[in-house]
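# Secondary and tertiary structure notes
Here are the chains, one letter per residue:
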Amino acid sequence: MDHHCVWTNRCIGIRNYKAFLLYLVYLIIGGTQYTYFFIDYLSGDGPDYLQWFILKVIFVVHGIPCIIVTAYSYFLIYTHLN
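Our focus in this paragraph is the confidence of the model for the protein. Scored by pLDDT, the protein has a mean of 76; 84% of the residues are at 70 or more. The weakest mean pLDDT in the protein belongs to strand β1 (residues 3–5) at 72; the strongest belongs to helix α2 (residues 49–81) at 79.

As a further point, take the side chain of Ser73. Mapped onto the secondary structure, Ser73 falls in helix α2. The contacts of Ser73, once residues within four sequence positions are left out, are Tyr17, Phe20, Leu21 and Leu24.

This paragraph deals with the nonpolar core. Core analysis: the largest hydrophobic core is formed by six residues, namely Cys5, Ile12, Tyr17, Phe20, Leu21 and Leu24. The contacts of Leu24, once residues within four sequence positions are left out, are Val69, Thr70 and Ser73.

The rules we used
- Residues numbered from 1 in each chain as written.
- Predicted model: local features only at pLDDT ≥ 70, side-chain atom pairs only at ≥ 80, totals over all residues.
- Heavy atoms only, no water.
- pLDDT = per-residue confidence, 0-100.
- Helix = DSSP H or I, 4+ residues; strand = E, 2+ residues; numbered from the N terminus.
- Contact = heavy atoms within 4.5 Å.
- Core = buried A, V, L, I, M, F, W, Y, C linked by side-chain atoms within 4.5 Å.
- Buried < 20%, exposed > 50% of the residue type's maximum accessible area, 1.4 Å probe, protein only.

What follows is the structure, given as structure tokens:
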């Protein structure tokens, strides 16, 4: 057992690290799709500043932490393999 992840409520170790990384990648893909469709929705009837503010908050709260955790996990794998 490597450590317990409070976000997935599971232990992250060697046997399930691939599933954990896929979970992080799917979070990024899902967030990107959500952002794309939200921007597409906003462009239909003109920009509303409150909606653009909400979009930015969603990106900061969801997107940046997911990208950082995924990049750090891949960095740990890379440094362990070399």
